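The primary structure of each chain is shown beneath.
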Amino acid sequence: MIKAKKSLGQNFLIDQNIIDIIVSTIEIKDKSILEIGPGTGNLTINILKKGPKNLLVVEKDFNLVEKLDKNFGSKIQIINKDVLKIEENNLSNEILTVFGNLPYNISTEILCKWILNIRENNFWFDYLILMFQKEVADRIISDFNTKNYGRLSILANWKLHIKKICDVKPCSFSPKPKIDSTVLLFQPKKKFFQLKEPKNLEKLTRIFFMHRRKMLKKPYNILFNNNLEVADKLKIDLNLRPQNLNFETYFNLTKEYENLRC
Ligand code: SAM
């Protein structure tokens, strides 16, 4: 019997209906699949039933790795590492389809790292099917002028199409988490706004949304040294709040910020 480790976000999915929805989201047959945090293998076994070409899994917990090895043997390739420390671009020569019931405590870190590490237009994945806590998923899919809009929505929408697949209740897991969850599907955008350095978008949105109820004036002046030319050029009213600027305006602001620095 496996004792779930809270520190590793171990809430195992036990609801077969939800597992079926997740593995039916996109075609798995003959594709190269990556699963993040396979845990006790509840999703893994259902991915295998769909006949992937190969299945790579990344699991940090060595106790679970031993169990997975015993149960699945050569049907899966196990990487016993922290997902935040792997170089995802070097995982495979093939484009990967990624599944993950992510550990809640690092789910946004994983997504941000993957978005920021995409080299040019070379996506190492074709789809991401990921489970987040609902509150985080709501932030990822929110549009401007809404209360959940912020750094996460802007980063995710920059390079990815996002679709909500379903909400998941605590009773679908063992042990039960205290919160609801949501499964999202991500697909790379063929065309997206070009920036010199992805980290600048992250920096800019972090500073703008530090005080989301305050006017844009203060963060703008921090980033642009009180120079109002960019705001004039982009027709930004600095009396507005950060959530009132749409995605495109944040991309344009980052581009202008980069131009001033080089
Ligand atoms: N996929 C399984 C399921 O749905 O039943 C387990 C999901 S559980 C929410 C998260 C899994 O991620 C656990 O197996 C946990 O050990 C693993 N994990 C936690 N932190 C990790 C990390 N930094 N790198 C890789 N795996 C991690």
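Conventions adopted
- Numbers given for residues are sequential positions, taken from 1 along each chain in its written order.
- For this predicted model, a pLDDT threshold of at least 70 governs which residues receive local features, and a threshold of 80 or more governs which side-chain atom pairs are given and counted, while totals over whole chains, interfaces and linings are taken from all residues.
- Hydrogens are left out, water is left out, and the side-chain values use all remaining heavy atoms of the structure.
- By convention, a stacked pair of Phe, Tyr or Trp rings (six-membered ring in the case of Trp) has centres within 6.5 Å and planes under 30 degrees apart, an edge-to-face pair has planes over 60 apart, and any other such pair is tilted.
- Three labels apply to residues, based on accessible area from a 1.4 Å probe with only protein chains included: buried if under 20% of the type maximum, exposed if over 50%, partly exposed otherwise in between.
- Helix and strand definitions follow DSSP, with helices as H or I runs of at least four residues and strands as E runs of at least two, each counted in order from the N terminus.
- In our convention, an over-ring charge means Lys NZ or Arg CZ found within 6 Å of a ring centre and within 35 degrees of that ring's normal.
- If even one non-hydrogen atom of a residue comes within 4 Å of a molecule or strand, that residue is called near it.
- Nitrogen and oxygen atoms within 3.5 Å of one another constitute a polar contact, given that in protein one can donate a hydrogen and the other can accept it, and given that sequence-neighbouring residues count only through two side-chain atoms.
- All accessible areas in this document rest on Shrake-Rupley with a 1.4 Å probe, and a residue is counted as covered only by the protein chains that are shown.
- Buriedness for pockets is judged along seven lines, at least five of which must meet protein on both sides within 12 Å for an open set on the 1 Å grid over protein atoms alone, while cavities are sets there where a 1.4 Å probe fits but cannot get out, and lining residues have an atom within 4 Å of a point.
- Grid points define the cavity or pocket, and a molecule sits in it when more than half of its atoms lie within 2 Å of them.
- Classification convention: Asp, Glu, Lys, Arg as charged; Ala, Val, Leu, Ile, Met, Phe, Trp, Tyr, Cys, Pro as nonpolar; all other residues, Gly among them, as polar.
- For two strands to count as paired, DSSP must find a minimum of two bridges between them.
- Angles run from 0 to 180 degrees between N-to-C directions of axes, and those axes are lines fitted to C-alpha atoms, restricted for helices to the stretch in contact.
- Contacts are residue-level and defined by heavy atoms, with any inter-residue pair within 4.5 Å sufficient.
- Those domain boundaries reflect an automatic or database domain assignment.
- A simple way to read buried area is as the amount of 1.4 Å-probe accessible surface that goes missing from two parts once joined, with both sides added.

Draft legend 1. Broad picture of the packing of aromatic side chains. What the rule picks out here adds up to 15 aromatic pairs. Taken together, a centroid distance of 6.4 Å and an interplanar angle of 65 degrees make the contact between Phe144 and Tyr149 edge-to-face. By relative accessible area, Tyr149 is classed as buried at 0%. Here Phe208 and Tyr250 contribute two aromatic rings whose centre-to-centre distance is 5.6 Å and whose plane-to-plane angle is 75 degrees, an arrangement assigned as edge-to-face. Of this pair, Phe208 sits in helix α7 (residues 198-208) while Tyr250 sits in helix α10 (residues 247-261); the two residues are 42 residues apart in sequence, bridging distant segments of the chain. With respect to burial, Phe208 and Tyr250 carry one shared label: buried. Geometry around Trp158 places Lys159 over its ring, the cationic atom sitting 4.4 Å from the centre.

Draft legend 2. Representation of the site of the ligand within the structure. Near the ligand, the surroundings consist of 23 residues, among which Leu13, Gly37, Glu59, Asp82 and Asn101 are the closest. The separation between a nitrogen atom of the ligand and a polar main-chain atom of Gly37 is 2.7 Å. Contact between the ligand and Pro38: a nitrogen atom at 3.5 Å from a main-chain N or O atom of the residue. When isolated, the ligand has an accessible area of 590 Å², and the protein chains bury 99% of it. Counting atoms within 2 Å of the grid points, the majority share of the ligand lands in the largest pocket. Split by residue class, the shell around the ligand holds 10 nonpolar, 7 polar and 6 charged.

Draft legend 3. Quick look at the sheet that holds strand β5 (residues 96-101). Pairing in this open sheet of 7 strands is mixed, and the strands run β4-β3-β2-β5-β6-β9-β7 from one edge to the other. Lying at the two open borders of the sheet, with one neighbouring strand each, are β4 (77-79) and β7 (160-168). Strand after strand, the sheet turns through a mean of 20 degrees between neighbouring axes, direction not considered. By the bridge criterion, 5 bridges tie strand β2 (residues 32-36) to strand β3 (residues 54-58) in an arrangement that is parallel.

Draft legend 4. Structural detail: the environment of Asn42. Inspection of the secondary structure puts Asn42 in helix α2 (residues 42-49). Residues Asn42 and Phe12 lie 30 residues apart in sequence; the distance between their C-alpha atoms is 7.5 Å. In this structure, Asn42 is in contact with Phe12, Leu13, Ile14 and Ile19, ignoring residues within four places of it in sequence. Polar contacts involving the side chain of Asn42 include one to the side chain of Thr40, which spans 3.1 Å.

Draft legend 5. Summary view of the pairing of strand β9 (residues 181-188). When you tally the buried positions in β9, you get 7 out of 8 residues, the bulk of the element. Of the pairings in the sheet, the one linking strand β6 (residues 125-133) to β9 comprises 6 bridges and is antiparallel in character. Bridge assignment links Gln133 to a residue of β9, and that residue is Ser181. In terms of strand pairing, β7 meets β9 through 8 bridges, oriented antiparallel. Along β9, the bridge assignment pairs Asp167 with Thr182.

Draft legend 6. Geometry of the domain arrangement of the protein chain. Segmenting the protein chain into domains produces domain 1 (6-188) and domain 2 (198-259). Domain 1 and domain 2 are separated by 32 Å when their C-alpha centres are compared. Of the roughly 1400 Å² buried where domain 1 meets domain 2, counting both sides, 70% is carbon and sulfur surface. The largest contributions to the domain 1 side of the interface with domain 2 come from Tyr149, Arg151 and Ile154, which together make up 41% of the buried area.

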